[in-house]
Amino acid sequence: MEFRLLGTVSVDTRTGPLPLGPAKRRSLLAALLLSANTPVPVARLTDFLWGEEPPPRARGVIQGHVSRLRALLTGAEAQAYGVELVTLGDAYVLRVPETLLDYQRFEELLMLARQQRSAADTVRMLDDALSLWQGPALGGTFTEGPLQAAAHTLEESRLATVEELARAYADLGEHHRAASVLRAEAVAHPMRESLAAALILALYRAGRQSEALDWFHRTRRLLADELGIDPGHELADAYALILRGGPRPGAAPAGGTDAAGASRAGTGPVEGAGTAAPPGPRVPAAHNPSAAPHPTDLLPRAPRGFHGRNAELAALTRAAAGEAPVCLVTGPAGVGKTSLALQWAHHNPGAFPDGRLFADLRGFSETGEPALIDVLREFLLALGVAPRRVPESVSAAAALFRSLTDRRRLLVVLDNARDSATVRALLPGGTDCVTLVTSRNRLEGLIASDAARPVPLGILEPQDGTALLAGVLGEERILAEPVAARRLAELCGGLPLALRVTAARLAGRPQWTLAGLADELADERGRLTFLDVDDTGVSAALRLTVQQLPADAVRQLARLGHHPGGHFDPYTCAALAGTDPAAAAAALERLGSAHLVTETAPGRWVLHDLVRLYARGLDPASGAEALVDVLDHYIATALAAADTAEPGGEPCFVLPEGYRPAAVRDFADRAAAMHWLATERDDLARAAVAARGAGLHDRAWRIILLQWPQVVWRVRDSWAPLLELALDSARAKQDLYAESRVLNLLGWVLTEEGRTAEALTLLERSPGLAQQAGDRLGEATALINLAVVQAGQGELDRALEGCGRAVVLAREEEDRHTEMLALQHLARLQLSAHRPGDALGSARTALALGPEHEEAARRSLLLAVSGEARLALGEEDEGILLLDRAAEEAERAGYDEGAVRALEALLRVSARAEYRTRHALALRRLTDGG
């Protein structure tokens, strides 16, 4: 006896198949067999047979079919085989040995095949497994709902097995048999990409490249027509392997000809091409070699010394797998767009049997762009059109070009395109043609109108840059000075043009060392001069790009050259150029489209180092003014951020002389303000360094001090060097107010870093300086910070006295923020002095001063003090509750340090696993820098 699901559902016996009767009964049997030896409730069987709309007497119908099946099995002596259909409550179970189920034997053979070491044994077992199939799974049933899903799963398993069998044949080197196995299934399942990909690879490895490419394009068109999609990665990767000329067993030697990949269509003279007559019949070259003309090839020679770019080459190959693809290589001047395009185009000429066309559109050339009719004439002549048949108008010539390329497999390379309109007129008509465009502009119009697939090209990695140098200078010279070679690559900014110019200078001067030239390039003032040679160089390439820009974009670029930081946004640009953020954003978009600036995140841009040097030279006289403008912009924005992050907080100071801020961004909430301070930290530091270097000390210390909310938030994040710079600037201006404020913050940072002796030296001077400057709130802050250090040195009484004085000063000045800060530290000191009642009172007073939504971190610290005070008073439940609240508020606010402190206090009195887990997570976030 054998139960079959892999084909028409049936039960085979010694006397023949059982007469199962109607489709409903077969469906019931299939449902029971799919869950063999497992009870299947009546409700589940109802779903199998009728789905969501069962008849009123569904249960009775099922009982009738079960009764008939039971009788059929009994009559076939099923019990002798261990087969029994049993009722269990409200369910039925068909008990049957798995050896009698064809789908179970199929799965067992699959498992055994995968365990074989010999490919031949694998083939035999997979053949045996597939021989169990006698048609579509679950035939003769109502394959809807659950049964349809089961049939689909079984069919997927069969197709996957066919693909495994093909791979096993490939392991044996029998690629023709692999192709034969796959072709039948690929015809039956034309949109199953994995089958198509496997078939394409099998055909290619069998030496049938042309057939493989034909199958790819057939599948690609079907996917586009039926589903409106391009090939997925698996199919595109198979196509990419063929285009790359990847390894295949039995392939012809390099440079050999594969007859199966020869031209499909003649490209000889087309005498009547100007008329409406269609092209003549096509004779495959393999059948008539003498009649096949050599395909047209207008490509320049392949680039020499090409290195790296594997990811971009792969991206081009994937992009070329679409229908009538337009591949768009974009990037800044000198980044190697043309080299990449030609490298890819030359790699596998067999992929384009009807020829390869090339045109330099000179979109960024001083000689100007060629006329479109001239480009089209060259293309048409190359395709065999007689000179007298070439139309005189662009529209007619473009129409003829599209017509001639309609059924060809052709590559068209359009280099240095300036705009989308020029490219559109030169696009071929065939769905199997590939167009490869390079441009310094993003050509977003071409992406919108023709679904161009962009392949952005960035700078070279240092290792690829040194490899490029080695290609010109020789490995020996690079290996002799590896550190200097890498430094040269970095000074050239990874720009291939700059690297080639550098290599050219060194090649002509063998007595020069790489280290010597690196030292020359390190001086920014002369770097661009060194990167120009004859009529080639970075400056010349950038000049051709800049001359295409409108005046406002050029002015914006010139001012960006004087920006002291690494990143900028529209507000920064507006400050530099004296415009508004909207105009600056528009200019940035224009510069970005020309690849002169790069957007690294929404609204956040950078300049390449060499572009920055070139931009600075566009208007060198404006450097001092631009620096002041951007410094004042940073001061204004940092003030707004600090005010939003800590409303009412200190410091507030007189603005510098001649202060003139441009438009300042608004911060929606504390999170946005803190994010800006964190994101701009490096650029703010660079701005402060530039300010000090220019003698603008009054701006340098302000830019640094205004970051105090972030300093407080991430106190152990290496702030001391920056604050020491601020201290130098404050002393250079002999500004007692500034010196006191910086000492306060620096002393506190040193305290938190464990450098208490240094902190004490600084902080002892701060209250007196603030008093001399008439800065009572600064004096209060200085007393607080000094008290923290004094307490750490064991001078608790002096610390309590100083902190109490700070509370009085803040209260007299009616500054709730500073009073709250003083009370927080006073409470902590009182707790250390074993005065938990006083500590609880101070903490309560402080909590009453601060709005919850504005003082999350401070509230967390005060709640923690309150909780510890309650514990010290013996009120353990209340203490744990307060500490838990403190930890939660800190976690919610992202204040990891406060969370760690509160959870450590909790773990001293509670062994709850939750606290240990939260403490470990907070500590990890704090250690990882948040």
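None of the values given here were measured: they were computed from a predicted structure.

**Q** So what's going on with a nonpolar patch on the surface? Which residues, and what values?
**A** Together, Met191, Leu227 and Ile229 make up a nonpolar patch on the protein surface, roughly 250 Å² of accessible area in all. Positionally, Leu227 belongs in helix 9 (residues 209–227). Residue Leu227 is classed as partly exposed on the basis of its relative accessible area of 48%.

**Q** Would you mind going over the nonpolar core in detail, with residue names and values included?
**A** The biggest cluster of nonpolar side chains holds 220 residues, and the ones touching the most others in it are Phe3, Val83, Leu138, Trp344, Leu436, Leu560 and Leu596. It is helix 28 (residues 623–645) that provides the largest number of residues to this core, a total of 11 residues. Not counting chain neighbours up to four residues away, the residues in contact with Leu560 comprise Phe568, Cys573, Leu576, Leu588, Leu591, Val597 and Leu607. Ranked by size, the runner-up nonpolar core spans 35 residues in total, among them Ala780, Leu821, Ala846 and Leu903.

**Q** Account for the sheet that holds strand 15 (residues 567–568), with residues named and values stated.
**A** With antiparallel pairing, 3 strands are arranged side by side in an open sheet as 15-17-16. Two strands bound the open sheet, and with one partner strand each, they are strand 15 and strand 16 (598–601). As defined by bridge partners, strand 15 adjoins strand 17 (residues 604–606) across 2 bridges and the pair is classed as antiparallel. What sits directly across from His567, in strand 17, is Val606.

**Q** Could you give an account of unusual backbone geometry, naming the residues involved and the relevant values?
**A** Look at Asn416: it is not a glycine, yet its phi comes out positive at around 60°. You can see Asn416 is positioned in the loop between strand 10 (411–415) and helix 15 (420–424). Even without glycine at this site, Ser718 takes up a positive phi of about 55°.

**Q** How would you explain helix 26 (residues 581–593) if you had to name every residue and give the values?
**A** In a regular helix each residue adds 1.5 Å, so 13 residues correspond to 18 Å; helix 26 covers 18 Å between its end C-alpha atoms and thus fits that length. Inspection of helix 26 places Pro581, Ala584, Ala587, Leu588, Leu591, Gly592 and Ser593 among the buried residues, and these make up the whole buried set. Summarising the contacts, the buried residues of helix 26 are in contact with helix 24 (551–560), strand 15, helix 25 (570–577) and strand 17. Count one or two residues on from helix 26 and you reach His595, which has phi positive near 60°.

**Q** Account for empty space enclosed by the protein, naming residues and giving values.
**A** Within the structure shown, the criterion is met by 1 cavity of 30 Å³ or more. Here the largest cavity defines a volume of roughly 80 Å³. Forming the walls of the largest cavity are Ala186, His189, Pro190, Arg192, Leu195, Ala196, Trp215, Arg218, Thr219 and Leu222. Residue assignment for the lining of the largest cavity shows that the elements contributing at least two residues are helix 8 (193–205) and helix 9. Sorting elements by how many residues they give to the lining of the largest cavity places helix 9 first, with 4 residues. Of the residues that constitute the lining of the largest cavity, the class distribution is 6 nonpolar, 2 polar and 2 charged.

**Q** Any details on the confidence of the model for the protein? Residues and values, ideally.
**A** Residues shown with low pLDDT carry predicted positions that ought not to be read at fine detail. Residues of the protein with pLDDT of at least 70 account for 92%, and the chain-wide mean is 84. Looking over the protein, one finds the lowest element-wise mean pLDDT in strand 13 (residues 532–533), namely 64, and the highest in strand 10, namely 95.

**Q** Can you lay out the pattern of salt bridges for me, pointing to particular residues and giving the numbers?
**A** Scanning the model with the defined rule gives 61 salt bridges in all. Taking the shortest distance from any N to any O, the salt bridge between Arg4 and Asp12 comes out at 2.8 Å. By relative accessible area, which is 13% here, Arg4 ends up buried. Linking Glu589 and Arg442 is a salt bridge whose minimum nitrogen-to-oxygen distance equals 3.1 Å. Remark: Arg442 occurs in the loop between strand 11 (434–439) and helix 16 (444–450) and Glu589 occurs in helix 26; sequence separation between them is 147 residues. For Glu589, a relative accessible area of 38% puts it in the partly exposed group. Here the salt bridges share partners, and the residues they tie into one network are Asp884, Glu891, Arg912, Glu914 and Arg918.

**Q** I'd like a rundown of the pairing of strand 9 (residues 355–360), residues and numbers included.
**A** In terms of residue burial, strand 9 counts as a mostly covered element, since 5 of its 6 residues are buried. Both strand 9 and strand 10 contribute to a ladder of 5 bridges, which runs parallel. Bridge assignment links Leu357 to a residue of strand 10, and that residue is Val412.

**Q** If you had to explain the packing of aromatic side chains to someone new, which residues and values would you point to?
**A** By the definition in use, this model includes 7 aromatic pairs. With centroids separated by 6.5 Å and ring planes inclined at 55°, the aromatic side chains of Trp701 and Tyr737 adopt a geometry described as tilted. In this pair, Trp701 is assigned in helix 31 (residues 697–705) and Tyr737 in helix 34 (residues 736–752), connecting sequence segments 36 residues apart. With respect to burial, Trp701 and Tyr737 carry one shared label: buried. Across from the ring centre of Trp133, 5.7 Å away, lies the NZ or CZ of Arg158, which sits over that ring. The side chain of Arg218 reaches across the aromatic face of Trp215, ending 4.2 Å from its centre.

**Q** Please set out the packing of helix 28 against helix 30 (residues 681–693) residue by residue, giving values where relevant.
**A** When two helices pack together, their arrangement is given by the angle between the helix axes and by the axis-to-axis distance. Two elements in contact, helix 28 and helix 30, have axes whose closest approach is 11 Å; the angle formed by their N-to-C orientations is 135°. It follows from the interaxial angle that helix 28 and helix 30 lie oblique. The chirality of how helix 28 crosses helix 30 is left-handed. Residues Leu627, Leu631 and Tyr634 of helix 28 touch helix 30, and the partners they reach there are Asp683, Leu684, Ala687, Ala690 and Ala691. A per-class count over the contact of helix 28 with helix 30 returns 7 nonpolar, no polar and 1 charged.

Definitions and limits used
Residues numbered from 1 in each chain as written. Predicted model: local features only at pLDDT ≥ 70, side-chain atom pairs only at ≥ 80, totals over all residues. Heavy atoms only, no water. Patch = residues over 30% accessible without salt bridge, like charges linked within 9 Å, V, L, I, M, F, W, Y side chains within 5 Å. Areas by Shrake-Rupley, 256 points an atom, 1.4 Å probe, with all protein chains shown as cover. Salt bridge = Lys/Arg side-chain N within 4 Å of Asp/Glu carboxyl O. Helix = DSSP H or I, 4+ residues; strand = E, 2+ residues; numbered from the N terminus. Buried < 20%, exposed > 50% of the residue type's maximum accessible area, 1.4 Å probe, protein only. Core = buried A, V, L, I, M, F, W, Y, C linked by side-chain atoms within 4.5 Å. Contact = heavy atoms within 4.5 Å. Pairing = 2+ DSSP bridges. Expected span 1.5 Å × (residues − 1). 1 Å grid on protein atoms, 1.4 Å probe; cavity = no way out; pocket = protein on both sides within 12 Å on 5 of 7 lines; lining within 4 Å. Points joined across faces, edges and corners; volume = space filled by probe spheres on them. Nonpolar A, V, L, I, M, F, W, Y, C, P; charged D, E, K, R; others polar. pLDDT = per-residue confidence, 0-100. Phe/Tyr/Trp six-rings, centres within 6.5 Å; stacked < 30°, edge-to-face > 60°. Lys NZ or Arg CZ within 6 Å of the ring centre and 35° of its normal. Axes fitted to C-alpha atoms, helices over the stretch in contact; angles between N-to-C directions. Parallel < 35°, antiparallel > 145°, perpendicular 65-115°, else oblique. Left-handed = near helix turned anticlockwise from the far one by under 90°.

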